[in-house]
Amino acid sequence: MHEMLSNPAKYSKLIKDEATRLGFMQCGIAKAEFLQEEAPRLEKWLNNNMHGEMSYMENHFDKRLDPRLLVDDAKSVISLTLNYFPQKEQTDPHAPKISKYAYGKDYHMVIKDKLFELLSFISEHIGEVSGRAFVDSAPVLDKAWAKKSGIGWIGKNSNLISKKNGSFFFLAELIVDLHLEYDSPFQTDHCGTCTKCIDACPTDAILSPFIIDAKKCISYLTIELRDEIPQSFNDKMENWMFGCDICQDVCPWNRFSSPHSEPEFMPNEGMLNMRREDWLDITEDVFKQIFKNSAVKRTKFKGLTRNIDFIKKLD
Ligand code: B12
Ligand code: SF4
Ligand code: SF4
């Protein structure tokens, strides 16, 4: 990009308007630089083996902390949020529970498409820009960038919370070699003296404010863990079979969540209406049909039935 011709404020505005048109809820922009504050925290988290079997978290330590190692000559990190708060939830209160984020089509696919559209918009309306799209799977500290670009703060449950929208949204980034106008980092912590998430976590996975021991988190146990779920969690799963929303459901800031209008995230009605018995008897064919294109496929049929078998022992 020829800096001579650049107009950062105008470009930032163009990009944010297009992000809104594409259905993103918030867009903030930060300077691409080394994440100084996060470096020792990430190192400590890994050294204390908080990541358990997620060995991918150990990889690319340097890249995870510096976007300039991911994109040559990176100048800006454009952070985006996409709402997934659903209009309707599972109807049978006794059915094994699925996290709200996994009701619709796999977010990786939905968000990647939108990010590519935003990247082509930039090339078309601003100029030859090199950039890469990131959603979740790559070594990028999504929450740190969202905080740096003014979208919100990291709550004691370790999720990124926005004053306007709570925390039921995904995070994604475009890292580009274009100089833009930057938003101010989010400075204030609006958790205050609240400890609702820490008190409500059934497995005590929130060791202290901001620090999650993934090995104890139901989300890890039901989605990431390949082995059997340890017996010590026998009476602690609170009927969750895929992910867990407890530390977000109890968060006062989620009173401000409003339902998304993303067609791709609309849930399969049949799935929402499945009764407890239907889940206990689920066949591989039904699994394939209701979770076609869903993030739930990550556990495969075998993983989901392992989780259902684990929690059904409780009755
Ligand atoms: C690994 C991972 C997990 C792991 C570990 C969780 C974790 N907190 O790291 C597991 C499998 C448990 C998990 C669970 C969930 N995840 Co997850 N996960 C990730 C992933 C891939 C990496 C996160 C990471 O880098 N962790 C490493 C550790 C070191 O980071 P950290 O916990 O954030 O630690 C920071 C704090 O400890 C902080 N810190 C330490 N001390 C202090 C002190 C102060 C004062 C402050 C402010 C901060 C602070 O510094 C650390 C480094 O930044 C991201 C995607 C991404 N690429 O970022 C999604 C992501 C964080 N997950 C997400 C979601 C939705 C979830 C679940 C809600 C899913 C569910 N319903 O089951 C749960 C929530 C559990 C929870 N309470 O965190 C979203 C969060 C969106 C948001 N609004 O914040 C992300 C961003 C995915 C996405 N692209 O949207 N996840
Ligand atoms: S997602 Fe559930 S298990 Fe994990 S920290 Fe939050 S409340 Fe605890
Ligand atoms: S429940 Fe309370 S302490 Fe936890 S993230 Fe929400 S506001 Fe912060």
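Residues numbered from 1 in each chain as written. Chains lettered and ligands numbered in written order. Predicted model: local features only at pLDDT ≥ 70, side-chain atom pairs only at ≥ 80, totals over all residues. Heavy atoms only, no water.

### Quick look at the sheet that holds strand S1 (residues 26-31)
Consider a sheet: its strands pair through backbone hydrogen bonds, and that pairing is either parallel or antiparallel. Which entries qualify depends on this criterion: Being paired, for any two strands, means DSSP has found at least two bridges between them. Numbering of helices and strands starts at the N terminus; helices are DSSP runs of H or I of at least 4 residues and strands are runs of E of at least 2. Between the N-to-C directions of two axes lies an angle of 0 to 180 degrees, each axis being a line fitted to C-alpha atoms and, for a helix, fitted only over the stretch in contact.
Overall, antiparallel pairing links the four strands, which are arranged S1-S2-S7-S4 in an open sheet. In the strand order of this sheet, the two ends are held by S1 and strand S4 (131-134), each with one partner. In this sheet, adjacent strand axes meet at a mean angle of 20° when their direction is disregarded. Pairing of S4 with strand S7 (residues 169-176) involves four bridges; the strand directions are antiparallel.

### So, the site of ligand 1
Formally: Consider each residue's heavy atoms; a residue with any of them within 4 Å of a molecule or strand counts as near. Counting of polar contacts relies on pairs of N or O atoms within 3.5 Å, with two restrictions inside protein: one atom must be capable of donating a hydrogen and the other of accepting it, and residues adjacent in sequence are counted only when both atoms are side-chain atoms. For this classification, Asp, Glu, Lys and Arg are treated as charged, while Ala, Val, Leu, Ile, Met, Phe, Trp, Tyr, Cys and Pro are nonpolar and the rest, including Gly, are polar.
Every one of the 35 residues lining ligand 1 counts as a neighbour, but Val-140, Lys-143, Asn-157, Leu-160 and Ser-219 are closest to it. Here a nitrogen atom of ligand 1 sits 3.1 Å away from a polar atom, N or O, in the main chain of Asp-136. In this structure, an oxygen atom belonging to ligand 1 sits 2.9 Å away from a main-chain N or O atom of Phe-210. Contributing elements (two or more residues each) for the shell around ligand 1: helix H2 (38-47), helix H5 (142-148), S7, strand S9 (211-212), helix H7 (218-224) and helix H8 (246-249). Per-element accounting of the shell around ligand 1 gives the leading share, four residues, to H2. The residue makeup of the shell around ligand 1, split by class, is 20 nonpolar, eight polar and seven charged.

### A short note on the site of ligand 2
Cys-201, Thr-203, Ala-205, Ile-206, Cys-217, Ile-218, Cys-244, Ile-246 and Cys-247 make up every residue found near ligand 2. The residue inventory of the shell around ligand 2, partitioned by class, reads eight nonpolar, one polar and no charged.

### What about the pattern of salt bridges?
We apply this condition: The working definition used for a salt bridge is a side-chain nitrogen of Lys or Arg within 4 Å of a carboxyl oxygen of Asp or Glu. Throughout this description, buried means an accessible area under 20% of the type-specific maximum (1.4 Å probe, protein chains only), exposed means over 50%, and partly exposed covers the range between.
Under the counting rule described, the total for this entry stands at 18 salt bridges. Two residues, Glu-89 and Lys-100, come together in a salt bridge whose shortest N-O distance is 3.7 Å. Of this pair, Glu-89 sits in the loop between strand S2 (76-83) and strand S3 (97-98) while Lys-100 sits in the loop between S3 and helix H4 (107-125), placing them 11 residues apart in sequence. Given the relative accessible area of 40%, Glu-89 is considered partly exposed. A relative accessible area of 4% means that Lys-100 is categorised as buried. A single network of salt bridges, built from pairs that share partners, joins Glu-89, Lys-100, Asp-245 and Asp-249.

### Let's talk about the packing of aromatic side chains
For clarity, the threshold we go by: Paired rings are identified among Phe, Tyr and Trp, the last through its six-membered ring, by centres lying within 6.5 Å, and are further divided according to the angle between planes into stacked (under 30 degrees), edge-to-face (over 60) and tilted (the rest).
All chains considered together, the criterion is met by 15 aromatic pairs. Summarising the aromatic geometry, the rings of Tyr-84 and Tyr-101 are spaced 6.4 Å apart at their centres and angled 70° between planes, so their arrangement reads as edge-to-face. Linking Tyr-84 in the loop between S2 and S3 with Tyr-101 in the loop between S3 and H4, this pair joins segments that are 17 residues apart in sequence. No difference in accessibility class separates Tyr-84 from Tyr-101, as the two residues are buried. Among the aromatic residues, ring-to-ring pairing joins Tyr-84, Phe-85, Tyr-101, Tyr-107, Phe-168, Phe-170, Phe-242 and Phe-265 into one connected group.

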